[in-house]
Amino acid sequence: MSMNQTPMSERVHIGFFGKRNAGKSSVMNAVTGQDIAVVSEVRGTTTDPVYKSMELLPLGPVVMMDTPGIDDEGELGALRVKKSYQVLNRTDTAVLVLDGTAGVSREDAALLERIRRKKLPYIIVLNKKDALSDPAVEEQEDRVRAQLDLSEEQLLSVSAADGTGINELKERLACLAQEEGPERYIVRDLIGPSDLVVLVVPIDKAAPKGRLILPQQQTIRDILEADAVSVVVKENELRGTLERLGEKPKLVITDSQAFRKVAEDTPEDILLTSFSILFARYKGNLEEAVRGVAALDTLQDGDTILISEGCTHHRQCDDIGTVKIPRWIREYTGKEIRFETTSGTEFPDELGKYKLVVHCGGCMLNEREMRYRLACARDQGVPMTNYGILIAHTQGILKRSVQVFPEIAKILG
């Protein structure tokens, strides 16, 4: 996959934060070489986060994120500040932009404390270097380092106006990006060369016309990387396809919405799982999601469940998150359950009123944001599961659907 085709969820996320008119939009534009964030002398011009996918060599594919000012005022301003903090949850590397002619504010110091608590790599950028003499720049740098307890490498003076220091900022950002951890796979480590994998893909009305949805595309790519063979069918064609194949497939992977029929049509001696379950492992939350689904069996009338999706899309009349899953939960529990939904970057800080969080597979969210959401639930004692695991549990096939992961299957006894 070329860098330009790298999904947003697989890119390093670099967030630009700061007060209104500190110049964070100008600095980000200078780094990207494109005017993608609004720049104005009017304070608070950036009212919503701005995202730009690009290549930052030698690092590779990244997402640059510009945010509203952290000192915005009024009721709308408070909402904008909240959006900035939501962006921080998906940030891999943070850039805190200060007005170099003004120094450190209370808001700057508070945001830096948040960044440090999250253990994010960061750099403090003093913008507007062109407005100061060289001695004044050095004095300001010394003052800010002392105030914020910074090392030499954590502070850089730049001028977005004339480009001074921008190349060095790019180089430091590339070096700041966290070292890659253990390589993660969707399915590649479960199969071998020439293995046959059957993918069951209902035609999803919510997907862009003429295209498969992202988890399906990524899974097919991972199968090809393993030098294995993928066969893609609709749910009504699975039984006949399995009968016609000259060999037994190593694995059947299904869209969660077709789990019941696919389980009925797949012989017991063939491993079966779902895209959602594979992505729960890929994002690092499979074990907790399997444990969390047990909360379904303790629900009472009047309990509230949060259903959260990582993307925004046009809701269909039989939408999985707002229609199907609530219906399946009510049928399974026999209880009168209340449901609330969030989508995109929205995710409540306070989860105490929920008895369970049911999340989508998170294909549009990067690993850091998924870890953040899981940590929010864990810290507040709220169980969290995902679509595929919940569907498999309600249909009595969860244990079978995680047999491909023996260590997870042990949890279910």
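Keep in mind the model is a prediction, meaning the values are calculated, not measured.

1. What to know about the sheet that holds strand 10 (residues 271-274)
Across a sheet, strands are paired by hydrogen bonds formed along the backbone, either parallel or antiparallel in direction.
Here comes step 1: Pairing is parallel across the open sheet formed by four strands, whose spatial order is 8-7-9-10. Pairing within the sheet leaves two strands with one partner each, and these edge strands are strand 8 (229-233) and strand 10. With strand direction ignored, the average angle separating the axes of adjacent strands in the sheet is 20 degrees.
Here comes step 2: Relative to strand 9 (residues 251-254), strand 7 (residues 196-200) runs parallel, the two sharing four bridges. Note that in strand 9 the partner of Val-197 across the bridge is Leu-251.
Here comes step 3: Running over the sheet, helix 9 (residues 275-282) touches strand 7, strand 9 and strand 10 and is turned about 75 degrees from strand 10.

2. Concerning the sheet that holds strand 5 (residues 122-127)
Here comes step 1: If you trace the six strands from one edge of the open sheet to the other, you get 2-3-1-4-5-6, paired in mixed fashion. Each edge of the open sheet carries a strand with a single partner, namely strand 2 (50-56) and strand 6 (155-157). Ignoring strand direction, the axes of neighbouring strands in this sheet form an average angle of 25 degrees.
Here comes step 2: Sheet topology places strand 4 (residues 93-99) next to strand 5; six bridges connect them, and they run parallel. Note that in strand 5 the partner of Val-97 across the bridge is Val-125.
Here comes step 3: Each of strand 1 (12-18), strand 2, strand 4, strand 5 and strand 6 touches helix 5 (residues 166-176); the most contacted strand, strand 5, lies at about 165 degrees to it.

Reading the values: rules and limits
- Residues numbered from 1 in each chain as written.
- Predicted model: local features only at pLDDT ≥ 70, side-chain atom pairs only at ≥ 80, totals over all residues.
- Heavy atoms only, no water.
- Pairing = 2+ DSSP bridges.
- Helix = DSSP H or I, 4+ residues; strand = E, 2+ residues; numbered from the N terminus.
- Axes fitted to C-alpha atoms, helices over the stretch in contact; angles between N-to-C directions.
- Contact = heavy atoms within 4.5 Å.

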